[in-house]
Protein chains: 2
Amino acid sequence: MNKGRVTIPTDENYVEGTKEIAKLWGADAVRDCDGTKLPKNALEIAEKVYNTYFVVRGDNAWADKHTDELQSVLLMTGYCLATEETLTIDLLKGYSRDQLGVNEENPNKYWQVFDRTTGEEIFTWEYVGAGHVRIENAKPYHEYTVNFFAKNLWDSTQMYNYITNNWNIEKHKVMDTRFSATFEHIKDNMRKWCDENKNVNVVRYTTFLYHFFLVFNEINKEKHVDWFGYPMTASPKAFDAFEKEYGYMLKTEDIVAQGTYQNNFVNPTETFRDYMEFTEKYVTKTVRELVDIIHAEGKEAMMFLGDSWIGTEPYGDYFKDMQLDAVVGSVGGGVTVRMLSEIPHVKYHEGRFLPYFFPDTFFEGNEDNAVAELNRNWVTARRAMMRKPLERMGFGGYLSLAAKFPKFIERAGQVCDEFRSICDASDGGKPYSGLTVAVLNAWGKKRSWMCHMVAHELWYQQVYSYQGVYEALSGLGVAVRFISFDDIKQKGIDKDIDVILNVGDAGTAFSGGEYWNDEQIVTAVRKWVAAGHGFIGVGEPTAYQKGCKFFQLSDVLGVDKEKGFTLSEDKYNIERKAHFITADVQGEIDFGEGMKNVYALNKAQVLDISVSNRFVRKVNVGEVNLAVNEYGNGRGVYIAGLPYSPQNARILLRAMLWSAHKETELTKAYSSNVHTDCSYYPESKRYAVINNADYAVKTTFYDIDGNAKDLSLKAGEIVWL
Amino acid sequence: MNKGRVTIPTDENYVEGTKEIAKLWGADAVRDCDGTKLPKNALEIAEKVYNTYFVVRGDNAWADKHTDELQSVLLMTGYCLATEETLTIDLLKGYSRDQLGVNEENPNKYWQVFDRTTGEEIFTWEYVGAGHVRIENAKPYHEYTVNFFAKNLWDSTQMYNYITNNWNIEKHKVMDTRFSATFEHIKDNMRKWCDENKNVNVVRYTTFLYHFFLVFNEINKEKHVDWFGYPMTASPKAFDAFEKEYGYMLKTEDIVAQGTYQNNFVNPTETFRDYMEFTEKYVTKTVRELVDIIHAEGKEAMMFLGDSWIGTEPYGDYFKDMQLDAVVGSVGGGVTVRMLSEIPHVKYHEGRFLPYFFPDTFFEGNEDNAVAELNRNWVTARRAMMRKPLERMGFGGYLSLAAKFPKFIERAGQVCDEFRSICDASDGGKPYSGLTVAVLNAWGKKRSWMCHMVAHELWYQQVYSYQGVYEALSGLGVAVRFISFDDIKQKGIDKDIDVILNVGDAGTAFSGGEYWNDEQIVTAVRKWVAAGHGFIGVGEPTAYQKGCKFFQLSDVLGVDKEKGFTLSEDKYNIERKAHFITADVQGEIDFGEGMKNVYALNKAQVLDISVSNRFVRKVNVGEVNLAVNEYGNGRGVYIAGLPYSPQNARILLRAMLWSAHKETELTKAYSSNVHTDCSYYPESKRYAVINNADYAVKTTFYDIDGNAKDLSLKAGEIVWL
C-alpha cells in the first residue's frame, strides 16, 4: 500500500539520496530532467526508469547537413499599409530571425497575398528574394498580408528555456519526418538509443513531431503562443500530401484564417477539420513506427502532453493508433488532472505535481513556501482525483534540492500516501454521480477539458471567468461529458444528459457563434429543455446577433444582452430574489469579469444584479449576473461569469441540480460546507470527504440515503467513511 | 437691454402677479401650460402670447364619429414559441389595450409573419378575428412574430401624463390627416381656433401629426419609447401612398426590422431612408397648410420639439418647407441647447429651462433646491449658449408657485439678464474656433446633436459614456459638424475639417457597423488622417469584426479590442505614459462604463490603463482606456468612454488639438481652470470667461494672442473681457 505509483527525479550524482527518498515516498520510478542525467544503474534504484526523448530535435549534425529537410511554419505577416501602388513586405518583420527563416520553396504555388481591407486574395505580387514580397497595383491605404512558409530553425521549447534561463547551449534545429531520409535517420536514432539505454524501461517522449504554435518576435520575446495551434505542422510537403489524400489543394489561408490561425477559440471550418484529421493520421502513423521499435525492446512509450504534442489529439479518433502505454502531464489544478486522467487508450496516466525542484523555490529559508505550494497544488488537484484519478504521480527537478527541506520531504511523503489511498479506493469503480452534465461547444469530445485554454495553463483576464466552470466541474459529484454542435445535429442529445452548459464569449468556439444561427440546433435544444431538462449559460451563451435578440436562446435563459439596438424597450425586471441556487451564498458572489449589459426578460427571476455606486439615483440600471427561468417543463440558468472558488463551485452544483429538477440529489453523498467535497464509491461502499481549505472546518456529511452526520476536518484533510 | 427674449407661463387667475414678474424678469411673452388658461386680454400683459395647439388630438367628437380615420401604429408581436404545428398569436399581448386596438384593414395585404428562428417570412397564416392570427404548419420550437397595424386609441403623451399624474380626463384619440375628411376638419378647426383666439399671436404647436414611438404595456407601464421612432407614422394608407410615390410596395418589416423598429441606433437602410423622406415630405406639406392659415391671420408658428414631432426632422431637407417661425424645446444641458439653437430655417429658437414650476419642486421649504436646480440647469446650458445661443428662453408651469419663492424670483431675473447679455454679445457674430471637428456616424447632419439619445433626455447606463462627448463639445471652443459615411463616400471629407470623431458601441449607427467594411470609407479616412489630420475614437470606434481585427481602423487608433480570437498574440504595451492630453488631469480619469478588453498595439502610446486590484500578481492584464498613435503625418486617439465632467471636456479638447497638431491653439482664447470655458467673439472683440462650478475658482485667461492674465471668478460667474 505504501509503495508505488510515484515517480521522482534523480541524478547520477545523487544516487544514495534518491534511494532514501524513494523509500520515504514509496517511489517506484525515477526520471531524468533538464540538467540531470540518469545514473547508469538506475534500474537498481527503481522498478521503472524514465528517460526523456526528443524525436525531431537535438540532432544538429544531421539537420545541418539536410537543411532542406527542416520543419516549416506557416505564418502570416503583419498587416502592411500600402501608401502607393507598390508595396514591399519584409516577411519576417516582427518575427525572430533566430528562430525563423523564409522557406523559399515555390512561393507561387503555396503562398497567398491578401488585401485585408477588401478581404480579397490578390495575385499581382512576386517573391523578390531575401525574404521580401513585392506587390504591384496595390491600392493606396489598403492593408496587405502575405501567408508564407518559414523554416523552423530553433525548437520553440528549447528557445523558451534558453531565453528564460539565459542558457548558452547549442540551438536545436527541427527535423521534418516527412522527408524519408530524415525519417529513416530518426528511426535509426531511436534504435541506436535503445541499444545505448538498456537501463531505461520507459521512454518519456517530449514529445513527438510537431510543436504547438510558439513563435518569438524580433527581440526574441514570445510573440504568438497557442497550445493547440497547427501552424507548425504545415509545410509544402504536407500540403502536397494533403492534396493527394483529400483530393483538393489546401490553401494557406485555410489555416491562417486572417491571422487567427484557427485557434482553439475559433469555430473549426470543414477544411480545417480535414487538415487536423490529415495531420492526426500522419502523426499517429509515424509515431507508431517509433513506438513499435521501443516496444520490441520491451520498453514502454510515455507521451508528455505538451511541447511537440500537436497532431496527437488525445481525445481524437487516431490517438489509439500510436499504442502508447502512458501519458504524463503537468498538474496545475483540477482541470489538468481530468484532461490527463480521462485520456483513453493508454494503460496509465501520470501527473507531474508542483513545486518543481528548482532553485527558484528551493532556496534557503523558503521551506514553508515550498510546503504551501505543494499543499495548494495537491488540494486543488485532489478534488478532481476523487472523480477520476490519475494512476501515477511524480515530481521534477533536482531531488537534492528538495532533500534539504525535511518538512517538505515529510509532507510530500504524506501526499504520496494519500494519492495511493485515493487510487486504491476508486480502483475499478466510478464514483457515484446523481447528474450527467454536458458541456456544449464547437469542439465537443475532441477538446475535452481543454476549453478556454490559451497558452497551456496560463491565466488570462479574458478566460478565468469561464475556466472556473471547468475547474468547479472537475471536482463536483456529477458525470461530465463534452459534446459538440455537430453531435446534436447528427444524433441529437444523448438520453442520459440532464444538463447542458454553454460557456464563453460571443462568437468563440466555446459559446458557438454561428452555430446558434442554425435552426436545427436551436430547435433541438429548446425542445429538449422544454421536455424537462436544464440549460445553463455562462457569459455570452448562445450569442449570435439576429434582429433584437443577441442570445438566441434568451427565451430559455430568461436573459438577453443589450447591444444597443433595443434600448427603447423598457426593462423592469431588476429585483433580486432568494433562491435554492444561492442558498449557501455568503457575502457577494464573485462573477469574475462579469458581463456588461445583460438584462432579464419579464418572465425570468433575477438572483443577482450589479448596480454601481455611481448609479445610486438612477433608474433602470444594473447588469444581471444570475437569473433563472422556467421553460416548458425545463429550466434555464444564466450566470455572468464563474471564476473558481469553493462558493462558486457550490453555486454551479446547485444551478445544475435545480435546472434538472434534481434538487433532492443535493443531499445524496454530500458534504454541506462549501470548502468540502464528498465522493461516494458504490463498489467499495466508501465515502470520501475532503477539506479543500487550509484550515479546519466543520461540515455535515450526508450518505447516499440522505442520513446526516456532523464532521470536523483538519486543514486539507481527507476522511474516509 | 433688460427687456425681452423671455417667456413666462401665466394663468387667467394670476394676471397681476404675471405682470409683476414679467417686469422683474424682463419677460415679453406669456404662454399657457398644462392646467392653466391664458387670460382673455393676455396681449395687455406681454408683446407675445403663446397658446399651445394640438393638431390631431383633442377632438374626440370627430374621432368617435370617424373611427376608421384614426391613426395607426405599426407593431410587432413578441416572439411566440410554437410547440406544435398550429400556433395562435394574440396580437396585442403585452400591449396596452387602453392605448391600442387592432386595425383589421386587409391583413393579407399589409401584415407579415416571420419565423424568427430561420429569419424567413411565412405565408401559412390567417387573421382569425378578435385580434388573433393563427399559423398553420408551424415548426415546433421555432419562434414566430406578426407585424401588424394597430389603431392609436389614446395619444401617447396624454396617456403618459394621465398615468403619471393620476389624471382623470377624457382620453384623446388620434386622428389621421391622410383621410381627407379628417384633414379638412382639422383645417376648419385651425381656422375656427384663430377666430376664437385673437388674443394669441404665437401658435405653439404641440406638435403636428405623428407622435414619436411610445407605446404602453398590458399594465399601462411604458413598454417602448423611442424619441426618433417612426412606427406611429405608418398605416395602410401611408403604405399605399408610398407605393404610388416611390414605385414599390413597402413591407412592414422594412420598418419593424426584426423588432428594432429601425431606431436611432440602427443603421438606416435604403428603404427606411425612402420611407423617412416620404414621411417628411408628407408632414411638412400638410403642416404648411396649417401654417399658411395662421400666417394669414398674422400669427407666428412655433413648433415644440417633442411629442408629435416625427417626420419634421429639423435637420432634414424638408423642414424649411413648413415655413415655421420658431422652435421651442426643453433644455436639459448643452446638447439640447445646441440641438435647438442650430436648427436652420426658423427666425428664432427658444429653450424652456428648468425647474418646471410644479408642486414637486415648488413646495414649502424647498426654495434652496429650486434655486440650485435653476443654477445647475442654467450653468450647464450656458456653456453651449456661449457657442451658439438660443434667441429666447422661457419657463413653464404655475407662475404663482414660483412667486412664493423670492430668492428664486431674484435669481431667475439674474439668469434672464445674463441670457440677454450673451445673446447681445454674440449677436450677428460667431465665436472664434481654432479647430473644426466632425462627428462621423450613419446619420450625419440629419441627426445633428441627436446622437446617442434614446428616450428624449433620459439617462441610460449604456449611453452616458458617449453622450458626455457631445455635452463636452457643446461648450468647447471648436466648430462642430455632423457628417455621415455617405457624405464621405459621395464627396469625401470637407477640406476645413481638422478632426473626426467616431463614438459608440460596435454595430450601432453611431459607430457605424457595416460601414467599416466598406473599403471606400476605410481608405478615405486612413488617407485623410495620414495626410495630417486627427481621428478620435470613443468606445468601439470603427468596429466591425473581420479576421483578427475588430476596430477596422486599429492601425489609426493604435488599439484594438480582444474578442477572443487573438488571445494567442502576446500584448506587451501596457505602460502608462505622460502626455499633452492628460496634462491637466487630477486624480483618476472617469471613463464611465469604460470598455472591456481593449489593448494597445506596439506602436501606440498608452496614457491610461485599468488594472483591477484582484490582478495584482497577474501579468498581461489591464484594459486600455486612453491611448494615442502617430499615423503618417496624422494622429489617432482612443478613449474608452467619456461621461461629461469638466475634466473630461478638457481631455477631449486637448485630444482634439493634439490629434490635429494644433496643440498651440490651446492657449488662444483660453481659460486654464477646467471648470471654466472661454469664448471669443471676434466681431465685438469681447471675451467671455464662465465659471461652471458652484464655487469660486481662480484661472488664467489667455487672449487670442496668448497673453495671460489671472482671474478670480465667483460661483457660476460670467466675466466679459
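Regarding helix 13 (residues 464-475) of chain A
All names here are of chain A.
Then comes step 1: Taking 1.5 Å per residue as the helical rise, helix 13 with its 12 residues ought to reach 16 Å, and the 17 Å between its terminal C-alpha atoms agrees with that figure.
Then comes step 2: Across the 12 residues that make up helix 13, a large majority, 11, are buried.
Then comes step 3: Where helix 13 is concerned, the buried positions are Tyr464, Ser465, Tyr466, Gly468, Val469, Tyr470, Glu471, Ala472, Leu473, Ser474 and Gly475.

Observations regarding unusual backbone geometry
Then comes step 1: Residues Thr206 of chain A and Thr207 of chain A are joined by a peptide bond in cis, for which omega reads -20°.
Then comes step 2: Along the chain, Thr207 of chain A turns up in the loop between strand 13 (202-205) and strand 14 (213-216).
Then comes step 3: Residue Pro355 of chain B follows Leu354 of chain B across a cis peptide bond; omega there is 5°.
Then comes step 4: Inspection of the secondary structure puts Pro355 of chain B in the loop between strand 18 (348-352) and helix 10 (367-387).

Digging into the confidence of the model for chain A
Then comes step 1: Predicted confidence across chain A gives a mean pLDDT of 95, with 99% of residues reaching 70 or more.
Then comes step 2: On the interface metric, ipTM, the complex scores 0.95, and its pTM is 0.96.

Describing the side chain of Asp608 of chain B
All names here are of chain B.
Then comes step 1: For Asp608, the location among the structural elements is in strand 28 (residues 605-610).
Then comes step 2: Overall, Asp608 belongs to the buried group, its relative accessible area being 4%.
Then comes step 3: In this structure the side chain of Asp608 is engaged in a polar contact, spanning 3.1 Å, whose partner is the side chain of Arg576.
Then comes step 4: If we skip the residues at most four places from it in the chain, Asp608 touches Arg576, Ile589, Phe591, Glu623, Val624, Asn625 and Leu626.

Details of the packing of aromatic side chains
Then comes step 1: This model, assessed by the stated rule, comprises 96 aromatic pairs over all chains.
Then comes step 2: Three or more aromatic residues link up through ring pairs in this structure, and these residues are Tyr110, Phe149, Tyr230, Phe239, Phe242, Tyr246, Tyr248, Phe272, Tyr275 and Phe278 of chain A.
Then comes step 3: Lying over the aromatic face of Trp443 of chain B, Arg447 of chain B brings its terminal NZ or CZ to 4.2 Å of the ring centre.

With respect to the relation of the copies chain A and chain B
There are two copies of the chain, and a rotation about an axis plus a shift along that axis relates them.
Then comes step 1: It takes a turn of 180° to lay chain A on chain B, together with a shift of 0.0 Å along the axis; the resulting RMSD is 0.0 Å. Taken together, these values place the two copies in the relation of a two-fold axis. If distances are taken from each C-alpha of chain A to the rotation axis, the shortest is found for Lys596 of chain A, at 4.4 Å.
Then comes step 2: Taken as a fraction of all interface residues of chain A, those also at the interface in chain B reach 100%, which identifies the copy contact as same-surface.

Side note on the interface of chain A and chain B
Then comes step 1: Across the boundary between the two partners, chain A contributes 65 residues, which contact 65 residues of chain B.
Then comes step 2: Approximately 5800 Å² of surface area, both sides summed, lies buried where chain A meets chain B, with 51% of it carried by carbon and sulfur atoms.
Then comes step 3: Contact with chain B buries area across many residues of chain A, yet Tyr141, Phe565 and Leu567 of chain A alone supply 12% of it, more than any other trio.
Then comes step 4: When residues of the side of chain A that touches chain B are assigned to their parent elements, the largest contribution, 6 residues, is made by helix 15 (residues 519-530) of chain A.
Then comes step 5: Of the residues assigned to the side of chain A that touches chain B, the class counts are 23 nonpolar, 20 polar and 22 charged.

Definitions and cut-offs
- Residues numbered from 1 in each chain as written.
- Chains lettered and ligands numbered in written order.
- Predicted model: local features only at pLDDT ≥ 70, side-chain atom pairs only at ≥ 80, totals over all residues.
- Heavy atoms only, no water.
- Helix = DSSP H or I, 4+ residues; strand = E, 2+ residues; numbered from the N terminus.
- Expected span 1.5 Å × (residues − 1).
- Buried < 20%, exposed > 50% of the residue type's maximum accessible area, 1.4 Å probe, protein only.
- pLDDT = per-residue confidence, 0-100.
- Polar contact = N/O pair within 3.5 Å; in protein donor to acceptor, adjacent residues only side chain to side chain.
- Contact = heavy atoms within 4.5 Å.
- Phe/Tyr/Trp six-rings, centres within 6.5 Å; stacked < 30°, edge-to-face > 60°.
- Lys NZ or Arg CZ within 6 Å of the ring centre and 35° of its normal.
- Least-squares fit on C-alpha atoms with pLDDT ≥ 70 in both.
- Buried area = accessible area lost by both parts, 1.4 Å probe.
- Nonpolar A, V, L, I, M, F, W, Y, C, P; charged D, E, K, R; others polar.

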